[in-house]
Amino acid sequence: MDRKIVHEDKNLRLEYVKNGNYLHETWWGFTSDETFTKLVNVIVQELTNNNADGLLLDAREHKGLSPKAQKLAVKRIGEYANQHGKLKEAIIVPEDVFSNFSVENYSKEVIKDSPNETRFFDNIEKAEEWLRMY
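Residues numbered from 1 in each chain as written. Predicted model: local features only at pLDDT ≥ 70, side-chain atom pairs only at ≥ 80, totals over all residues. Heavy atoms only, no water.

1. Looking at the overall build of the chain
Part 1: Tallying secondary structure elements over the chain gives four helices and six strands in all.
Part 2: Written out in order from the N terminus, the α and β elements of the chain read β-β-β-α-β-α-β-α-β-α.
Part 3: Buried positions account for 49% of the 134 residues belonging to the chain. (Helix = DSSP H or I, 4+ residues; strand = E, 2+ residues; numbered from the N terminus. Buried < 20%, exposed > 50% of the residue type's maximum accessible area, 1.4 Å probe, protein only.)

Written out as C-alpha cells, the structure is:
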C-alpha cells in the first residue's frame, strides 16, 4: 500500500493512503481545544491537498474531545464533505469510554448535515478494506 506521512506530532500521525484515496488519522493522549483546532485544520488541508474522499479515524489511544472540539470537527469535516460531494469515514471503535463517547457524538452529528458515510470497525484491516472497495 502506498502511504505517505503528511503530519506527525505528539497527538496525531496523519498518513495519506493512495490506494483508497484516504487519510489515516492515529490519535494519542489528551488533546486540548487549542491543539485540536490546529490539527483539524491540518486534516482538512491534507484532505484538500490530496483530494481525498475518505478518512480512517483510529482514536483507540486518544482520551476524548470536549464538546467544543467535537462541534468544530463536525463543522470542518462536514464542510469538506459538502464541498466534495461525499466523504467516507471508517472509525475504529475506541476502548476508552470518553474517547468512545466523543467519537459517537461526532459521528451522529456529522451525518446530519453532510454527505458522509460512516462505518465502525473493530480493527484497522477491515476498515482499510472497506475504504479501498468503496
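2. Comments concerning the sheet that holds strand β1 (residues 3-8)
Part 1: Read from one edge to the other, the open sheet built from six strands follows the order β1-β2-β3-β4-β5-β6, with strand pairing classed as mixed. Both outer strands of the open sheet, β1 and β6 (116-121), are each paired with one neighbouring strand and no more. Here the average twist between neighbouring strands, direction ignored, is 20 degrees.
Part 2: In the sheet, strand β4 (residues 54-62) pairs with strand β5 (residues 87-92) via five bridges, with the strands oriented parallel. In the sheet register, L56 faces β5, and the bridge partner there is A90.
Part 3: Most of the contacts of helix α1 (residues 33-50) go to strand β3 (residues 22-29), to which it runs at about 165 degrees, and overall it touches β1, β2 (12-17), β3, β4 and β5. (Pairing = 2+ DSSP bridges. Axes fitted to C-alpha atoms, helices over the stretch in contact; angles between N-to-C directions. Contact = heavy atoms within 4.5 Å.)

3. What about the nonpolar core?
Part 1: The biggest cluster of nonpolar side chains holds 23 residues, and the ones touching the most others in it are I43 and L47.
Part 2: Counting residues per element, this core draws most heavily on α1, at six residues.
Part 3: Sequence-distant contacts of L47, defined by excluding residues within four places in its chain, comprise L23, A52, G54, L55, I77, Y80 and L87. (Core = buried A, V, L, I, M, F, W, Y, C linked by side-chain atoms within 4.5 Å.)

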